[in-house]
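Single-letter residue listing:
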Amino acid sequence: MTFDDHKRPSPEAMLKRALAEEADTTIGKLKIFLGYAAGVGKTYSMLEAAHERKREGWDVVAAYVESHGRAETDAFLEGLEIVPKAHIEYHGVTLPEMDTDRVLARRPQIALVDELAHTNVQGSRHEKRWQDVEELLAAGIDVYTTVNIQHFESLNDIVARITGVVVRETVPDRLLDKAAEIRLVDIPPDELLQRLREGKVYIAGQAAQAVEKFFRTGNLIALRELSLRRTAALVDDQMRAYMVSREIPGPWPAAERILVCVSGSPFSERLIRTARRLSDEMNIPWFTVYVETPGSSRHLQENRERVWKDLRLAESLGAHVATITATSVANAVIDYAEKQNVTKIVVGKPTKSRWREFLLPPLVDQLIRLSGAIDIYVVSIQADIIRPRPQAPEPKTSISLTGYIVSVALVMAATFLCLLVRPFLAPTNMVMIYLLAVVLSALRLGLKPAILTAFLGVLAFDFFVVPPQLTFSVADTEYILTFIALFSVGVIISSLVSKVRERADAVREREEQTASLYYLSRDLAAAANLETLLAAVTKNIGESLNARIAVLLPEGERLKVTAASRELALGEKELAVAEWAFRNRQPAGRGTGTLGSSELLHLPLMTSASLLGILAVRLEVESGYRSTQTRRLLDAFTSQTAMALERVQLSLRAEQAQILQARETLERALLNSISHDLRTPLVSITGALDTLRDKIHTLADEARLELLDTAWEEAERLNRFVSNLVEMTQLEAGAVKLRKEYCDIHDLAGCALAALERRIGTRGIEVRLPPDLPMVRMDMTLMTQVLVNLLDNALKYSPVTSPIEISASKDTTRMTIEFADRGPGIPEKDLKRVFDKFYRIPVPEGASGTGLGLSICKGIVEAHGGVIMAENRIGGGLKIIIELPLH
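Residues numbered from 1 in each chain as written. Predicted model: local features only at pLDDT ≥ 70, side-chain atom pairs only at ≥ 80, totals over all residues. Heavy atoms only, no water.

(A) Up close: the nonpolar core. Core analysis: the largest hydrophobic core is formed by 60 residues, its most contacted members being Tyr-36, Leu-112, Leu-136 and Phe-215. The element best represented in this core is strand 2 (residues 60-64), accounting for five residues. (Core = buried A, V, L, I, M, F, W, Y, C linked by side-chain atoms within 4.5 Å. Buried < 20%, exposed > 50% of the residue type's maximum accessible area, 1.4 Å probe, protein only. Helix = DSSP H or I, 4+ residues; strand = E, 2+ residues; numbered from the N terminus.)

(B) Focus on the environment of Gly-613. The topology assignment puts Gly-613 in strand 18 (residues 611-619). By relative accessible area, Gly-613 is classed as buried at 0%. For the pair formed by Gly-613 and Pro-554, sequence separation is 59 residues and the distance between their alpha carbons is 6.3 Å. Residues contacting Gly-613, with those up to four places away along its chain left out, are Leu-552, Leu-553, Pro-554, Phe-582, Leu-603, Pro-604 and Leu-605. (Contact = heavy atoms within 4.5 Å.)

(C) Summary view of a nonpolar patch on the surface. Together, Ile-451, Phe-455, Leu-459, Phe-472 and Phe-487 give the surface a local cluster of nonpolar side chains, amounting to about 420 Å² of exposed area. Here Phe-455 is to be found in helix 19 (residues 447-465). (Patch = residues over 30% accessible without salt bridge, like charges linked within 9 Å, V, L, I, M, F, W, Y side chains within 5 Å. Areas by Shrake-Rupley, 256 points an atom, 1.4 Å probe, with all protein chains shown as cover. Salt bridge = Lys/Arg side-chain N within 4 Å of Asp/Glu carboxyl O.)

(D) Region of interest: the sheet that holds strand 15 (residues 558-564). One open sheet holds the five strands; their spatial order is 15-14-18-17-16, and the pairing between them is antiparallel. Looking at the sheet topology across the chains shown, the edges are occupied by strand 15 and strand 16 (588-589). Across six bridges, the pairing between strand 17 (residues 601-606) and strand 18 is antiparallel. Note that in strand 18 the partner of Leu-603 across the bridge is Leu-615. Contacts from helix 21 (residues 530-545) reach strand 14 (547-555), strand 15 and strand 18 within the one sheet, and its direction differs from that of strand 14 by about 150 degrees. Docked against the sheet, helix 22 (residues 572-584) engages strand 14, strand 15, strand 16, strand 17 and strand 18, running at close to 135 degrees with respect to strand 18. (Pairing = 2+ DSSP bridges. Axes fitted to C-alpha atoms, helices over the stretch in contact; angles between N-to-C directions.)

(E) Spatial organisation of the packing of aromatic side chains. Evaluated as defined, the whole model comprises five aromatic pairs. Pairing Tyr-518 with Tyr-519 gives two aromatic rings, centres 5.5 Å apart and planes at 55 degrees, and the pair type is tilted. Residue Tyr-518 is classed as partly exposed on the basis of its relative accessible area, which comes to 48%. The positively charged end of Arg-129 is found above the aromatic ring belonging to Tyr-64, 4.0 Å away from the centroid. In this structure, Arg-777 packs its charged tip against the face of Tyr-742, placed 5.8 Å from the ring centre. (Phe/Tyr/Trp six-rings, centres within 6.5 Å; stacked < 30°, edge-to-face > 60°. Lys NZ or Arg CZ within 6 Å of the ring centre and 35° of its normal.)

(F) Molecular detail of the pairing of strand 18. Across the nine residues of strand 18, eight count as buried, placing the element largely inside the fold. Here six bridges tie strand 14 to strand 18, and the two strands are oriented antiparallel to one another. In the strand pairing of strand 18, Ala-550 is matched with Ala-616.

(G) Examining helix 21 more closely. Taking 1.5 Å per residue as the helical rise, helix 21 with its 16 residues ought to reach 22 Å, and the 22 Å between its terminal C-alpha atoms agrees with that figure. For helix 21, the set of buried residues is Leu-533, Leu-534, Ala-536, Val-537, Thr-538, Asn-540, Ile-541, Gly-542 and Leu-545. Of the residues that open helix 21, the one with a side-chain oxygen 3.3 Å from the backbone nitrogen of Glu-531 is Asn-529. Where helix 21 ends, the next residue or the one after it, Asn-546, has phi of about 50 degrees, a positive value. (Expected span 1.5 Å × (residues − 1). Polar contact = N/O pair within 3.5 Å; in protein donor to acceptor, adjacent residues only side chain to side chain.)

(H) Region of the structure containing the pattern of salt bridges. The full count for this structure, using the stated rule, is 33 salt bridges. For Glu-181, the salt bridge goes to Lys-31, with nearest N and O atoms at 3.4 Å. Taken together, the residues span a long stretch of sequence, with Glu-181 in strand 8 (residues 181-184) and Lys-31 in strand 1 (residues 30-35) at a distance of 150 residues. Overall, the relative accessible area of 5% leaves Lys-31 in the buried class. One continuous salt-bridge network, built from bridges that share partners, spans Asp-101, Arg-125, Glu-135 and Arg-583.

(I) Examining the side chain of Thr-323 more closely. For Thr-323, the position within the fold is in strand 11 (residues 320-325). In this structure Thr-323 touches Tyr-290, Glu-292, Leu-311 and Arg-632, once residues within four positions along its chain are discounted.

Written as structure tokens, this is what we have:
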């Protein structure tokens, strides 16, 4: 092997590079002008690059450029086409936003979009401007955009620690990763502060406040270092990707993986961003997992929504997100880590007090004990630095007052029972009655009412049972130990019973989900066509989620509502949202960051191979749109539905392929038949005419007549063949219209015999028609053709010396006509196929046919409402039976 062979890329690497280059041609390229603070000149640099591209002949438009009133920026916009902004009214104020639809319709080569991290006005298609940019890129439009380093999600907490300001408008790091080019716009901090003092960054009224809160020299230096480091890391990643794609040897990192655990804590965001930064530094994949325990159902709605937002944040930063259900968080995390080959786990530092850690060991201690070879990274949490995102106020879940009232009633009943049995039992034995009340309260009412029952039980036991009665004083101090034991055992029993109840509820909930998936998969497997499949989807998903469902499938260039629940109608707005979700292969509508004002959640029905449609869902409970459990179930439903739709489509394609194959077989048979049956008479006619032309003066009169007769017979044969083809085509197309009139069977037989008089010659034809046969309504011309075809077949396939029999009979409802010969007959297995198109049996020498005669007979007879059948005769031969209705 030569040195050049070592440097030559492998086929796999070449294929990977070809696929990447192909993908690059279908989507637009993103160029980011990155700065460390406002005022460094990002917009100016972007406009400068735009003018360079325009001079080179590129089609450049300003989709959205914000000048902030700076005259030099407005002047630099001259010469560029500016796309008109969309104006959206919000709380009585009209605000300008980028008109994404107009930019897509314009389809420039390069679109300038300022302020990538901007939050759009409520009512816009997307919640964030970076989502608009992603849509432009997906449409194949190159985008130039500006953004500051502090707006990227993974650096949000670091920027907050540096500046003391929490940045609310953030951008997923994946946009930085997918950028084709990053241009760092950098000026010294002192120069930036000078620009600020001169009023070139913000308007004068805001400058002092900006300097005081954000624009401090130390902050700017730290932010500048962040932007430089991040840009250098991206350049390094591009270099590595280039070397890998071309198989250039180099020191590559080991195959490690990071896992971060989230719990809905206000500090989970920091853990997620820390894991993302570690992943970037080590260039390794990372995972985010949330463990749902049986007690999770007790969490407040606010906490559940925080979990949902944390998982979405991790997903936007590029993590593989998973939610698992288990009774032990530590065991579940370690099991998941081992299955995913995770080498490092990131958790937060415990914030509980020491005595609580003694009673319940923190998660980090449990993970360290169970981790084995897995490294545990503990991240410190300082509440005074990272402030949780403000949540919309949610009504707290209140324990029903009825539960506490029932608890009091249980204690009263237990006390009454103790008073009844007091003469017969010692006071210490009556403790069991109060414990029974605690167990009943825990089973039926929950943990808190059960604890109340235990507490009230101790008081009642002391006041009513323990001497001296009707006072809380105790004569025997040993009863104090009894009180403590009663309350402790009551609390422990309440806790255990409550946990068992929660686990039973969790098992029941999982069983319901499993049953829902089972019923849907069963009905989808049994669905034989699209209608039954969609009916199963709307029924099962609607019942499982208490929701209304609509399925939209593509029809031409638009989506059409193919199936929907009752009382669910999709207006133009919902159809437009569904079109967007289908075109962009992304969820949209309620509960998402795209077109969130929609009333329905629109989910693409996708498989690995194709995009099949949209599943639109309207949940009865608003919180369900952000419930991780509901979204997991919806993901499973959409996957099953998509696979079932793909199966039905593949089945239809297979059926169409079979039909096409059968059609091609018939076409080949027809071509073969035509090539033979046209050539044979044409050869005879051509030969006869050629002989007459060359030897007309030397041939005797008898020889000339014989040649003319041969040409005439072959022309008649050719005419019958063409007529059969035309009639068969008309019958299949339904173009034959019957002209019925009352006809005599005797006349019908006579017309058929007259048409074949020359063919019959001296052959014996036995006609047995009773004289009293009634008139029958029929198309005389077509039925004559039927008899001619049957007679022609009989003449062709029967011996010359055997007669052909024609007979007729009647009963009260039908007329029966029979043709019988003494030919070879038909094999029993072929009797039902003899009337099929192009079907032939082995023929005697000299006989030929197209295989259309009997098929035409069947079509004409059935058009009259009759029946035609074939059966073999005893002693040899074939009988064709025609039955026509008399009325």
